[in-house]
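Examining the three-dimensional arrangement
Listed below, chain by chain, are the residues.
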Amino acid sequence: MTDQSKQDHVLIFDTTLRDGEQSPGATMTHDEKLEIARMLDEMGVDIIEAGFPIASEGDFEAVRDIAKQTENAVICGLARANFKDIDRCWEAVKHARRPRIHTFIGTSPLHREIPGLSKDEMAERIHDTVTHARNLCDNVQWSPMDATRTEEDYLCRVVEIAIKAGATTINIPDTVGYTAPRESAALIRMLLERVPGADEIVFATHCHNDLGMATANALAAVEAGARQIECTINGLGERAGNTALEEVVMALKVRNDILPYRTGIDTTKIMNISRRVAAVSGFPVQYNKAIVGKNAFAHESGIHQDGMLKNAETFEIMRPEDVGLSETNLVMGKHSGRAALRAKLKDLGYELADNQLNDVFVRFKALADRKKEIFEDDLIALMRDSTSDAEHDHIQVKFLRVICGTEAPQSADLILTIEGEDHQVTAQGDGPVDATFNAVKALFPHNAHLQLYQVHAVTEGTDAQATVSVRMEENGKIVTGQASDTDTVVASAKAYVNALNKLLVRRQKSAPGADVKGVSYKDVS
Ligand code: KIV
Ligand code: ZN
């Protein structure tokens, strides 16, 4: 009999591609999901939750292809508490070297009301579905959704049923981010003490960050005996997000004196994957975000800078290199060659085939002609645009000239290539961006609603590139487009068009018969 809670190894379960991608607007393409999964595998994540296979054909294919390509990590798919979901999940994960089925049902009073099941009926459902999953797969995880608001006696009862039915991991989700660290620890301790068979399985902690306590709650659960932390890169996830992988991993490393647990994560890979997830999800990392924010290792004040120069430990509890941040971020200029570009991109986590490198090199040279110094962040923006500007995009920006200044109205002269054909228009607006967006809308009429328009400077200086993020909503579907350019209005046009291209993909996916996107987590039948 193994008492999991006595071991010091904490499993890292990454759900960026499932719970993270569920965040409105964070949709990733198939190739982006595969790339993130490869990076997670390389950094030593123990379990990758690759998606929710029944949710759509696209989700199914992503989970299946990640299962096929992944070398080390366990590949997990999510399924609600019904046989159809579980079978579909198994069809996708069975290709993995080490597959896992993760099935769940909401057990709190509020969640029990939704399918209208009595306590006994739900208990029976749990027994049947976990047994079914276990008949397909040796590795089964079960979650009582909203566990932290479930009555303790009932929680003990259903956890015991799931263990007896063959679950090998029991995940305890704080679905609405309601719990506090003391309670998070007490809940795991209570389950370990009261549930027969609890010492034979792994308890996982799955925290949401609605009150900003997700990291603290996850660590408290580990101290109480949980041995799997569920988390996402950059804390991506619905509402305020999930526990951030980089925070729990670095907390366990830096404070190993009081948190004597280990993970298998190569922390030097943190920065690259953080940047990739920010780029592909369209969710930029806030500047003061712990570990991966732009300012996490920046020291502005005179006192701090002085102390840092004398001894870095004065104000730094971890070294930038520990999370993969290189000392100097100045990389190259217009004389840099192809080999140097390839090497730098490899450092940043991009391995390119020759034809991809040629394409990026042309863009790099064009940027270097306009911008004296090219920084790591410029290259990352360039890489993001190279993938989003792919030839298969339905709409592309071919030409843009804007007249702006103190004399209104401002106007935009725009050529878009739509399905291979050029279309031109001149439109006016209240400012150059408004004129440009009106021009796009005149050439490609649509009813999508612009929810967010945001501009960030990629680096410093007046020749810096601007990254523009545009979030749009159409019939409940939300997408985020991004693009960078040294010209803010060009970046805006490209970001808008990027969002429209993503909407077109979403429209195709949800066309009748294409898939069952939109399945509800609450629908267990
Ligand atoms: O937050 C949650 O309860 C979940 C479950 C599906 C595990 O993500
Ligand atoms: Zn969740």
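Since the model is a prediction, treat every value here as computed from it, not as a measurement.

With that settled, consider the coordination of the zinc ion (ligand 2). Around the zinc ion (ligand 2), the protein contributes the donor atoms Asp19 (OD), His206 (NE2) and His208 (NE2), at 2.0 to 2.2 Å from the metal centre. Of note, the donors binding the zinc ion (ligand 2) are all from one chain and are spaced D-x186-H-x1-H. Here Asp19, found in helix 1 (residues 16-20), pairs with His206, found in strand 7 (residues 202-207); they are 187 residues apart in sequence, far enough to count as distant. Residue Asp19 is classed as buried on the basis of its relative accessible area of 3%. Take His206: its relative accessible area is 5%, and that puts it in the buried class.

Let us now look at the pattern of salt bridges. As enumerated under the stated definition, the model contains 28 salt bridges in all. For Glu151, the salt bridge is made with Arg112, and the minimal N-O distance between the two is 2.8 Å. Highlighted residues: Glu151 in the loop between strand 5 (140-145) and helix 7 (152-164) and Arg112 in helix 5 (residues 109-113), separated in sequence by 39 residues. A relative accessible area of 28% places Glu151 in the partly exposed class. Residues participating in the shared-partner salt-bridge network are Arg18, Asp19 and Glu49.

A word on the site of ligand 1. Neighbouring ligand 1 are Arg18, Asp19, His102, Phe104, Ser143, Met145, Asn171, Pro173, Thr175, His206 and His208. The contact in question runs from an oxygen atom of ligand 1 to an N or O atom on the side chain of Thr175, over 2.6 Å. A distance of 3.2 Å separates an oxygen atom of ligand 1 from a polar atom in the side chain of His206. Starting from 260 Å² of accessible surface for ligand 1 in isolation, the protein chains cover 97%. At the level of elements, helix 1, strand 4 (99-106), strand 5 and strand 6 (169-174) are the ones that each hand at least two residues to the shell around ligand 1. Class assignment of the residues belonging to the shell around ligand 1 gives a composition of three nonpolar, six polar and two charged.

So, on to a nonpolar patch on the surface. Residues Leu450, Tyr453 and Val455 make up a contiguous nonpolar surface patch of about 220 Å² in total accessible area. Here Val455 is to be found in strand 14 (residues 449-457). A relative accessible area of 40% places Val455 in the partly exposed class.

Glancing now at the nonpolar core. Formed by 93 residues in total, the largest nonpolar core has its most connected members in Met43, Trp142, Val159, Ile170, Leu191, Phe203 and Ile229. Leaving out residues up to four positions away in the same chain, Leu191 has contacts with Leu155, Cys156, Val159, Ile172, Ala198 and Phe203. In terms of nonpolar packing, the next biggest core, distinct from the first, is built from 32 residues, Ala412, Ile418, Ala439 and Leu504 among them.

In this section: helix 10 (residues 245-254). Counted residue by residue, helix 10 has seven buried out of 10 residues, so it is predominantly covered. Turning to helix 10, its buried residues are Leu245, Glu246, Val248, Val249, Met250, Ala251 and Leu252. Close packing links the buried residues of helix 10 with strand 1 (11-14), helix 2 (30-43), helix 9 (214-224), strand 8 (228-231) and helix 11 (270-281).

Now for the pairing of strand 7. Burial within strand 7 is extensive, with six of its six residues counted as buried. Going residue by residue along strand 7, you find Val202, Ala204 and His206 tucked away on one face and Phe203, Thr205 and Cys207 tucked away on the opposite face as well. When strand 6 meets strand 7, the two strands line up parallel, connected through six bridges. What sits directly across from Ile172, in strand 7, is Thr205. Handedness of the β-α-β unit built from strand 6, helix 8 (residues 181-194) and strand 7 comes out right-handed.

Another point: the side chain of Thr16. Following the sequence through the fold, Thr16 ends up in helix 1. Residue Thr16 is classed as buried on the basis of its relative accessible area, which comes to 0%. Reaching out from Thr16, the side chain makes a polar contact with the backbone nitrogen of Ile233 at a distance of 2.9 Å. Beyond its immediate sequence surroundings of up to four residues, Thr16 is in contact with Glu21, Met28, Cys231, Thr232, Ile233, Leu236 and Val277.

Let's shift gears to the packing of helix 7 against helix 8. Contact pair helix 7 / helix 8: the axes reach a minimum separation of 10 Å and the direction vectors enclose 55 degrees. When the axis of helix 7 is compared with that of helix 8, the two are oblique. Between helix 7 and helix 8 lies a crossing whose hand is right-handed. Residues Glu152, Asp153, Leu155, Cys156 and Val159 of helix 7 touch helix 8, and the partners they reach there are Leu187, Met190, Leu191 and Arg194. Its residues assigned to classes, the contact of helix 7 with helix 8 shows six nonpolar, no polar and three charged.

Calculation notes
- Residues numbered from 1 in each chain as written.
- Chains lettered and ligands numbered in written order.
- Predicted model: local features only at pLDDT ≥ 70, side-chain atom pairs only at ≥ 80, totals over all residues.
- Heavy atoms only, no water.
- Donors = N, O, S within 2.8 Å, 3.2 Å for Na, K, Ca; no water.
- Helix = DSSP H or I, 4+ residues; strand = E, 2+ residues; numbered from the N terminus.
- Buried < 20%, exposed > 50% of the residue type's maximum accessible area, 1.4 Å probe, protein only.
- Salt bridge = Lys/Arg side-chain N within 4 Å of Asp/Glu carboxyl O.
- Near = heavy atom within 4 Å.
- Polar contact = N/O pair within 3.5 Å; in protein donor to acceptor, adjacent residues only side chain to side chain.
- Areas by Shrake-Rupley, 256 points an atom, 1.4 Å probe, with all protein chains shown as cover.
- Nonpolar A, V, L, I, M, F, W, Y, C, P; charged D, E, K, R; others polar.
- Patch = residues over 30% accessible without salt bridge, like charges linked within 9 Å, V, L, I, M, F, W, Y side chains within 5 Å.
- Core = buried A, V, L, I, M, F, W, Y, C linked by side-chain atoms within 4.5 Å.
- Contact = heavy atoms within 4.5 Å.
- Pairing = 2+ DSSP bridges.
- Right-handed = clockwise from strand over helix to strand, strands pointing away.
- Axes fitted to C-alpha atoms, helices over the stretch in contact; angles between N-to-C directions.
- Parallel < 35°, antiparallel > 145°, perpendicular 65-115°, else oblique.
- Left-handed = near helix turned anticlockwise from the far one by under 90°.

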